[in-house]
Amino acid sequence: MKIAFFDTKEYDRQAFEPYDGKDGLHFHFYETKLNEDTADLAKGADAVCVFVNDDLNAAVIDRLCALGIGLIALRCAGYNNVDLSAARNRIRIVRVPAYSPYAVAEHAMAMLLCSIRRIHKAYIRTKDFNFSLTGLTGFDLHGKTVGVIGTGKIGRVFIDLCKGFGMKILAYDKYPARIDGVSYTDLDRLFRESDILSLHCPLTAETVHLIGKNSIAKMKKGVVIINTSRGALIDSEDLLAGIKDRRIGAACLDVYEEESDLFFEDFSGHIVNDDILARLITMPNVIVTSHQAFLTREALSAIAAVTVKNLLSYAKKEALENEVCSPDRPQDA
Ligand code: NAD
């Protein structure tokens with residue numbers, strides 16, 4: 001089975017190369033992202049392996065089908081970058097539903113601590129032998145209220161971390177669970193009462209721009225917003241406006257609405273045309289990481305192992321445990 005592997009980075013190769021040539025799997029690694037211009041690289045392959053910023057729109061899916069590709073193997077959990085209705089009954093899709101919720105939740109907490117204790121500022125100062133503390137005053141997490149939106153695998157690990165800091169936890173989920181020490185509430189109260197907001201729900205038609213002008217207007221002055229989920233959960237222009245008028249105290253962004261042309265690449269010698277992102281990055285109270293939350297050794301190994309298992313199940317015509325949109329389960333689409 002030949003697999004065209006898109007958006008390959010060195011860490012992907014390191015994780016997947018041990019499986020290359022074994023059990024009949026042959027990976028062809030391409031650095032480019034999958035999109036309409038690059039889909040033809042998959043010619044001769046049986047499957048494509050893709051990541052969060054590969055674009056699986058209807059035109060790309062049409063092309064993959066024309067090339068005889070039978071499987072899209074996502075090496076991530078989210079599948080908002082795939083046009084599921086274009087794929088239904090034509091091409092199968094598998095994903096890695098869970099690899100390390102700890103990786104993402106710990107990154108969210110790392111960003112929060114970095115932001116509120118001004119570690120990003122202190123690091124640069126002391127590198128320059130500037131030992132002044134002026135402007136570095138932070139606040140305790142203990143006793144603060146965190147609002148968690150989405151209490152699935154990652155949200156729950158984040159909640160456990162917050163409990164360790166002695167925080168009060170409010171939560172909102174479309175399908176609330178029963179979690180000790182967590183009060184589920186509606187979004188209005190969550191926005192009104194949270195000192196910190198962390199997003200851990202998927203990007204769907206319902207959650208696009210969940211954080212925007214209207215919700216920001218309801219938030220506590222000085223709220224810290226953390227997004228390690230998907231960029232389009234936040235309207236970036238409204239976020240910038242909220243930061244400028246001082247309602248938002250800080251933003252920790254591992255994902256960004258328009259990240260697909262920028263994140264994972266080095267633009268340090270270039271002019272970046274995205275004015276909103278450029279302005280956000282200039283803010284002293286905004287920390288941006290480029291979709292890095294997943295990037296731990298443990299997560300990469302788990303992603304490779306589950307993806308290979310998905311590919312082998314397909315090759316052996318077994319049931320696809322991690323299928324996203326099965327012809328037998330059209331409701332998934
Ligand atoms: P999960 O499926 O375990 O949990 C998602 C939760 O969101 C569920 O409890 C679900 O009921 C809830 N939900 C669904 N629709 C909702 C809505 N409209 N409003 C509120 N809650 C809703 O997923 P997970 O593994 O915890 O991952 C969460 C998200 O994290 C993923 O969707 C993905 O976008 C993102 N993620 C980011 C990275 C990264 O590197 N930054 C890595 C992995 C996952």
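Residues numbered from 1 in each chain as written. Predicted model: local features only at pLDDT ≥ 70, side-chain atom pairs only at ≥ 80, totals over all residues. Heavy atoms only, no water.

## Focus on the site of the ligand
What counts here: The near set for a molecule or strand comprises every residue that places at least one heavy atom within 4 Å of it. Each polar contact in these results corresponds to two N or O atoms within 3.5 Å; when the atoms are within protein, one needs to be able to donate a hydrogen and the other to accept it, and residues that are neighboring in sequence are counted only if both atoms are side-chain atoms. The accessible surface values rely on the Shrake-Rupley method and a 1.4 Å probe; as for residues, cover is taken only from the protein chains in view. By the convention adopted, Pro, Cys, Tyr, Trp, Phe, Met, Ile, Leu, Val and Ala count as nonpolar, Lys, Arg, Asp and Glu as charged, and the other residues, Gly among them, as polar.
Among the 22 residues in the neighbourhood of the ligand, the closest are listed as Lys153, Ile154, Asp173, Thr228 and Asp254. Contact distances for the ligand include 3.3 Å between an oxygen atom and a backbone N or O atom of Gly152. Relative to its unbound accessible area of 860 Å², the ligand is 86% covered by the protein chains. Tallied by class, residues from the shell around the ligand come to nine nonpolar, eight polar and five charged.

## Focus: the nonpolar core
Note the cut-off: Among the buried residues, those of types Ala, Val, Leu, Ile, Met, Phe, Trp, Tyr and Cys that are joined through side-chain atoms within 4.5 Å form a nonpolar core. Burial status follows relative accessibility: with a 1.4 Å probe on protein chains alone, a residue under 20% of its type maximum counts as buried, one over 50% as exposed, and anything between as partly exposed. Note on contacts: a residue pair is in contact if any heavy atoms of the two residues lie within 4.5 Å.
In terms of nonpolar packing, the biggest core is built from 48 residues, with Val48, Leu64 and Ile72 touching the most fellow members. In contact with Ile72, not counting residues within four places along its chain, are Val48, Val50, Leu56, Ile61, Leu64, Ile91, Arg92, Ile93 and Val94. Core analysis: the next-biggest nonpolar cluster, separate from the first, contains 31 residues, Leu203, Leu239, Ile248 and Leu280 among them.

## Description of the sheet that holds strand β12 (residues 286-288)
Heads up, the rule is: The pairing criterion for strands is at least two bridges between them, as found by DSSP. Here a strand is any run of E in DSSP of at least two residues, a helix any run of H or I of at least four, and the numbering for each starts at the N terminus. For helices, the fitted line uses only the C-alpha atoms of the stretch in contact; every axis is such a line through C-alpha atoms, and the angle between N-to-C directions lies from 0 to 180 degrees.
With parallel pairing, seven strands are arranged side by side in an open sheet as β8-β7-β6-β9-β10-β11-β12. Two strands in the sheet have a free side with no partner beyond their single neighbour: β8 (182-184) and β12. Adjacent strand axes in the sheet meet at a mean angle of 20 degrees, parallel and antiparallel pairs treated alike. With three bridges connecting them, strand β7 (residues 168-172) and β8 associate as parallel partners. Residue Ala171 lies in a different strand from β8, and its bridge partner there is Tyr184.

## Observations regarding the domain arrangement of the protein
Put simply, the rule reads: Delimitation of the domains relies on an automatic or database domain assignment. As a working definition, buried area equals the accessible area (1.4 Å probe) given up by two parts on being put together, with both sides summed. A carboxyl oxygen of Asp or Glu within 4 Å of a side-chain nitrogen of Lys or Arg is what we treat as a salt bridge.
Domain annotation of the protein identifies domain 1 (2-99 + 297-315) and domain 2 (101-288). A straight line from the C-alpha centre of domain 1 to that of domain 2 covers 30 Å. Summed over both sides, the interface between domain 1 and domain 2 buries roughly 950 Å², with carbon and sulfur atoms accounting for 53% of that surface. In terms of surface lost to domain 2, no three residues of domain 1 exceed Lys33, Asn53 and Asn80, which account for 45% of the buried area on that side. At the surface where domain 1 touches domain 2, the tally comes to two salt bridges. For Glu265, the salt bridge identified is with Lys33, shortest N-O distance 3.4 Å.

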